[in-house]
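Spelled out, the chains give:
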Amino acid sequence: MARKKIIAGNWKMNMTPSEAVTLIKTLKPLVATEDADVVFCVPAIDIIPAMEAAKGSNICIGAENMYFEEKGAYTGEISPNMLVDAGVKYVIIGHSERRQYFAETDETVNKKVLKAFEHGITPIICCGETLTQREQGVTIDFIRQQVKIALLGVSAEQAATAVIAYEPIWAIGTGKVATTEQAQEVCAAIRVCVGEIYDEATAAAIRIQYGGSVSASSAPELFAQPDIDGGLVGGAALKPDFGKIVNYK
């Protein structure tokens, strides 16, 4: 069975609640499609108004982060229960900016992935290499390590429903895009890695996104690759152009 494309916007630290509502109302008709799952991962404060604004559309609202405990003295964190109660279906875990600025590690990413599955939230698990790692030829080794640790303790059934987002760090917000060949090579390697951890069926089921300066012009070629099942889109997700990315054909 063919994998359904999943195209997610990562809003990062952008859009006030009122701006979020306005943007969703603008994008609703532009992203309407049955050919792909459309997800807007928004700042925590925007989740409730975004849910309201997206009602009656094909847009799913996701979160940009989540803590790995149910509740407690963790000032400023968001628990899985809070996300579930708000209607969240997806959560981005381990984005390179979370790793770079907020000390996330492969181990904390794994804890969050396990907790997301426990609560029925689909994790969008991020991985990606730096420019130095790319230049030194260790990209595939590094990505395999990130993927293997992220999936520790995850069952094959759970993994089959997960989303992995490959985002070369050197291509995020820089305007530099990995070539189609580079993106496909790494996404294919991720699928091989998942097959080694589990089996061919799980590898064939898991959806793998490319992220990193995805645009309306680069999307069609990227999404046509056999191992790229959509995109995790940053800046372009905040503009009407996101509609063109979603309807890339």
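The sections below set out a description of the structure shown in this document. Just so we're clear, the structure is a prediction, and the values are computed from it rather than from any experiment.

1. Focus on helix 7 (residues 139-150)
- Its 12 residues place the ends of helix 7 17 Å apart at the C-alpha level, agreeing with the 16 Å of an ideal helix rising 1.5 Å per residue.
- Three or more residues of helix 7 are buried, namely T139, I143, Q146, V147, I149 and A150.
- In this fold, the buried residues of helix 7 make contact with helix 4 (96-102), helix 5 (106-118), strand 5 (122-127), helix 6 (131-135), strand 6 (163-166) and helix 9 (180-197).

2. Description of the pairing of strand 5
- Of all 6 residues in strand 5, 6 are buried, a share of seventy percent or more.
- Both faces of strand 5 are covered, namely the face carrying T122, I124 and C126 and the face carrying P123, I125 and C127.
- Note: strand 4 (residues 90-93) against strand 5, 4 bridges, orientation parallel. Of the residues in strand 5, the one forming a bridge with I92 is I124.

3. A look at the sheet that holds strand 6
- The sheet built from 8 strands closes into a barrel, its strands ordered 1-2-3-4-5-6-7-8 with parallel pairing. Between one strand axis and the next, the sheet turns through 25 degrees on average, direction left out of account.
- Relative to strand 3 (residues 59-63), strand 2 (residues 36-42) runs parallel, the two sharing 5 bridges. Within strand 3, the residue paired with V39 across the bridge is C60.
- Together, strand 5, strand 6 and strand 7 (207-211) form the strand contacts of helix 9, whose direction differs from that of strand 6 by roughly 145 degrees.

4. As for the pattern of salt bridges
- One pass over the structure, following the stated rule, counts 15 salt bridges.
- R207 is the partner of D37 in a salt bridge, and the nearest nitrogen-oxygen pair spans 2.8 Å. Highlighted residues: D37 in strand 2 and R207 in strand 7, separated in sequence by 170 residues.
- The partner of K112 in a salt bridge is E104, and the shortest N-O contact between them spans 2.5 Å. Take K112 and E104: they sit in the same class, and that class is buried.

5. Points about the nonpolar core
- Core analysis: the largest hydrophobic core is formed by 68 residues, its most contacted members being F40, I61, I190 and F242.
- Per-element tally for this core: the top contributor is helix 9, with 6 residues.
- In this structure I190 touches C127, I143, V147, I164, Y166 and I208, once residues within four positions along its chain are discounted.
- With 11 residues, the next largest nonpolar core counts A8, I92, V163 and L232 among its residues.

Reading guide: rules and limits
Residues numbered from 1 in each chain as written. Predicted model: local features only at pLDDT ≥ 70, side-chain atom pairs only at ≥ 80, totals over all residues. Heavy atoms only, no water. Helix = DSSP H or I, 4+ residues; strand = E, 2+ residues; numbered from the N terminus. Expected span 1.5 Å × (residues − 1). Buried < 20%, exposed > 50% of the residue type's maximum accessible area, 1.4 Å probe, protein only. Contact = heavy atoms within 4.5 Å. Pairing = 2+ DSSP bridges. Axes fitted to C-alpha atoms, helices over the stretch in contact; angles between N-to-C directions. Salt bridge = Lys/Arg side-chain N within 4 Å of Asp/Glu carboxyl O. Core = buried A, V, L, I, M, F, W, Y, C linked by side-chain atoms within 4.5 Å.

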